[in-house]
Amino acid sequence: MDKVSGHRRAIAHLHPPVEPFDQRMVEVGDGHRIYVEQCGNPDGKPVVVLHGGPGGGCSPAMRRYFDASKWRVILFDQRGCGRSRPHASVEANTTWHLVADMEQIREMLGIEKWVLFGGSWGATLALIYAQSHPERAAALILRGVFLMTEPELEWFYGGGAGQFWPELWARFAGLIPEAEHDDLIAAYHRRLFSGDGGSELRHARAWAGWENALASIDNDGPMGEGPAEYARAFARLENHYFHNRGFLAPGQGILERMDRIAQIPGLIVQGRYDMICPPAGAHRLAALWPAARLRMIPRAGHALSEPGISAELVRATDALGRGNEGPIFG
């Protein structure tokens, strides 16, 4: 989950634009090649940026949450999206493949430990990676927390959020026959992977449009249609992951494994009016994480571009870049 929406509103809080000093395509196996870039200071504090979706891809704006003189910023497009290839592919594309890809990137770049920075699905992946490799996580900075739980999926795809946006929900659910409304994730899955290009694109745009319309607190309704290529990758990958419940087996849930990262410092930045990932998830996470701090942003939704969220994230990265960890990153 995550689509950068109206990022111009957050520009005042960001660092100046910066260009990568390293860009490469990395063979990670299973026929996948992923795009990896580095920017900032090659000798700075390493941080890996984890984009949302799944399927969203990284953007130049994400580089600007870090002081380029202090940070070595690593961004990559996860399997199947952005500049990674094959595009929109769900073959050999699971949470555990992405965790392994992160380890390959870390080892390739000679990094011992790095900070994890991610929002929405990016926060999910950051937490799962840290729980799998706690010795490699220096700290976590998370935004718009998504924990890959059934209640969260039910909220967004079962009609909860639709109670606030009934006209948009009617459009999203209306593409599916009423007999299949008991499981819209499965219903969309059948259509996004039907093999009918026209149907796949129509449903991909509806899937992406439902989420994007609710991303920012200032959205007034449906956004303009994005590029077909983006919508197809975003919808197929996100639906693939949600249909498979994040590929988390019993005992692998994030909240079940918080003991593994209990002492790793973390900051959770959460919009009070996040319609995609309600604040209850962030609150539950913080309650189980002694070394973390939750900062609730009073008038903000889900998007990375919310001004209050951007300001808080930059404040945190600036403090951590200077070596100031308390009280939890400034």
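Residues numbered from 1 in each chain as written. Predicted model: local features only at pLDDT ≥ 70, side-chain atom pairs only at ≥ 80, totals over all residues. Heavy atoms only, no water.

Asks: Explain the environment of Pro60 here, please?
Replies: Mapped onto the secondary structure, Pro60 falls in the loop between strand E3 (45-50) and strand E4 (71-76). A sequence separation of 145 residues divides Pro60 from Arg205, and the C-alpha atoms of the two residues are 23 Å apart. (Helix = DSSP H or I, 4+ residues; strand = E, 2+ residues; numbered from the N terminus.)

Asks: Explain unusual backbone geometry to me, please; I cannot follow it from the model alone.
Replies: Among all residues save glycine, negative phi is the norm, and among peptide bonds the norm is trans. Note the cis peptide between Gly53 and Pro54, where omega equals 0°. With omega at 0°, the peptide bond leading from Arg85 into Pro86 counts as cis. Phi at Ala88 takes a positive value of approximately 65°, unusual for a residue other than glycine. One can find Ala88 in the loop between E4 and helix H1 (95-108). Residue classification places Ala88 among the buried residues on the basis of a relative accessible area of 1%. (Buried < 20%, exposed > 50% of the residue type's maximum accessible area, 1.4 Å probe, protein only.)

Asks: Just to check I follow, could you spell out the packing of aromatic side chains for this structure?
Replies: What describes a pair of aromatic rings is the distance from one ring centre to the other and the angle between the planes of the rings. Going through the model one piece at a time under the given rule, you end up with 20 aromatic pairs. One aromatic cluster is present, built from ring pairs that chain together Phe146, Phe156, Tyr157, Trp169, Phe172, Tyr188, Trp207, Trp210 and Phe242. (Phe/Tyr/Trp six-rings, centres within 6.5 Å; stacked < 30°, edge-to-face > 60°.)

Asks: How should I be thinking about the packing of helix H5 (residues 184-192) against helix H6 (residues 197-213) in this particular structure?
Replies: Running from N to C, H5 and H6 point in directions that differ by 145°, and their axes come no closer than 8 Å. Two secondary-structure elements touch here, H5 through Ile185, Tyr188, Arg191 and Leu192 and H6 through Ser199, Glu200, His203, Ala204, Ala206 and Trp207. Its residues assigned to classes, the contact of H5 with H6 shows six nonpolar, two polar and two charged. (Axes fitted to C-alpha atoms, helices over the stretch in contact; angles between N-to-C directions. Contact = heavy atoms within 4.5 Å. Nonpolar A, V, L, I, M, F, W, Y, C, P; charged D, E, K, R; others polar.)

Asks: Help me understand the nonpolar core in this model?
Replies: For soluble globular proteins, nonpolar side chains are generally found buried alongside one another. In terms of nonpolar packing, the biggest core is built from 76 residues, with Leu116, Leu140, Trp210, Leu214, Leu285 and Trp289 touching the most fellow members. No other element matches helix H2 (residues 121-132), which puts eight residues into this core. Sequence-distant contacts of Trp210, that is, excluding residues within four places in its chain, are made with Phe156, Tyr157, Ala161, Gly162, Trp165, Leu168, Trp169 and Phe172. Listed in part, the 29 residues of the second largest apolar core include Val49, Leu313, Ala316 and Leu320. (Core = buried A, V, L, I, M, F, W, Y, C linked by side-chain atoms within 4.5 Å.)

Asks: Sorry, what's going on with the sheet that holds strand E5 (residues 114-119) here?
Replies: Backbone hydrogen bonds are what pair the strands of a sheet, in a parallel or an antiparallel way. In spatial order, the strands read E1-E2-E4-E3-E5-E6-E7-E8; together these eight strands make up an open sheet with mixed pairing. In this open sheet, the two strands that pair with only one neighbour each are strand E1 (22-29) and strand E8 (292-297). Across the sheet, the mean angle from the axis of one strand to that of its neighbour is 20°, orientation sign disregarded. As defined by bridge partners, strand E7 (residues 266-271) adjoins E8 across six bridges and the pair is classed as parallel. Residue pairing across strands places Gln270 opposite Met296, the latter belonging to E8. H1 rests against E1, strand E2 (32-40), E3, E4 and E5 of the sheet, and its axis sits at about 130° to E1. Sheet contacts for helix H9 (residues 307-321): E3, E4, E5, strand E6 (137-143), E7 and E8; angle to E6, the most-contacted strand, approximately 165°. (Pairing = 2+ DSSP bridges.)

Asks: Just to check I follow, could you spell out H5 for this structure?
Replies: Most of H5 sits out of view: eight of its nine residues are buried. Those residues of H5 not exposed but buried are Leu184, Ile185, Ala186, Ala187, Tyr188, His189, Arg191 and Leu192. Buried residues belonging to H5 abut helix H3 (150-157), helix H4 (166-174), H6 and helix H7 (228-243). The N-cap of H5, judged by a side-chain oxygen 3.4 Å from the amide nitrogen of Ile185 a few residues on, is Asp183. (Polar contact = N/O pair within 3.5 Å; in protein donor to acceptor, adjacent residues only side chain to side chain.)

Asks: Help me understand the UniProt feature "active site" (unreviewed entry) in the protein chain in this model?
Replies: Per the UniProt record, "active site" (unreviewed entry) is found at Ser120, Asp274 and His302. These annotated residues cover 183 residues of sequence, and their C-alpha atoms lie no more than 10.6 Å from one another, placing them together at a single site. Relative to the helices and strands, Ser120 resides in the loop between E5 and H2. Looking at where Asp274 falls in the secondary structure, it is placed in the loop between E7 and helix H8 (279-287). On the accessibility criterion, Asp274 (3% relative accessible area) is buried. Residue contacts for Asp274: discarding those within four places in its chain leaves Gly144, Pro279, Ala300, Gly301 and His302. A polar contact of 3.3 Å, which involves the side chain of Asp274, links it to the side chain of Gln270. (UniProt positions renumbered as here; feature names shortened; annotations may be inferred.)

Asks: Just to check I follow, could you spell out the pattern of salt bridges for this structure?
Replies: Under the criterion given, the structure shown has 16 salt bridges. Notably, a salt bridge pairs Arg245 with Glu150, separated by 2.9 Å at the nearest N-O pair. Remark: Glu150 occurs in helix H3 and Arg245 occurs in the loop between H7 and E7; sequence separation between them is 95 residues. For Arg190, the salt bridge goes to Glu180, with nearest N and O atoms at 2.7 Å. In this pair, Arg190 is assigned in helix H5 and Glu180 in the loop between H4 and H5, connecting sequence segments 10 residues apart. A relative accessible area of 47% places Arg190 in the partly exposed class. For Glu180, a relative accessible area of 17% translates into the label buried. What emerges from the salt-bridge pattern is a single network uniting Asp30, Arg79 and Asp101. (Salt bridge = Lys/Arg side-chain N within 4 Å of Asp/Glu carboxyl O.)

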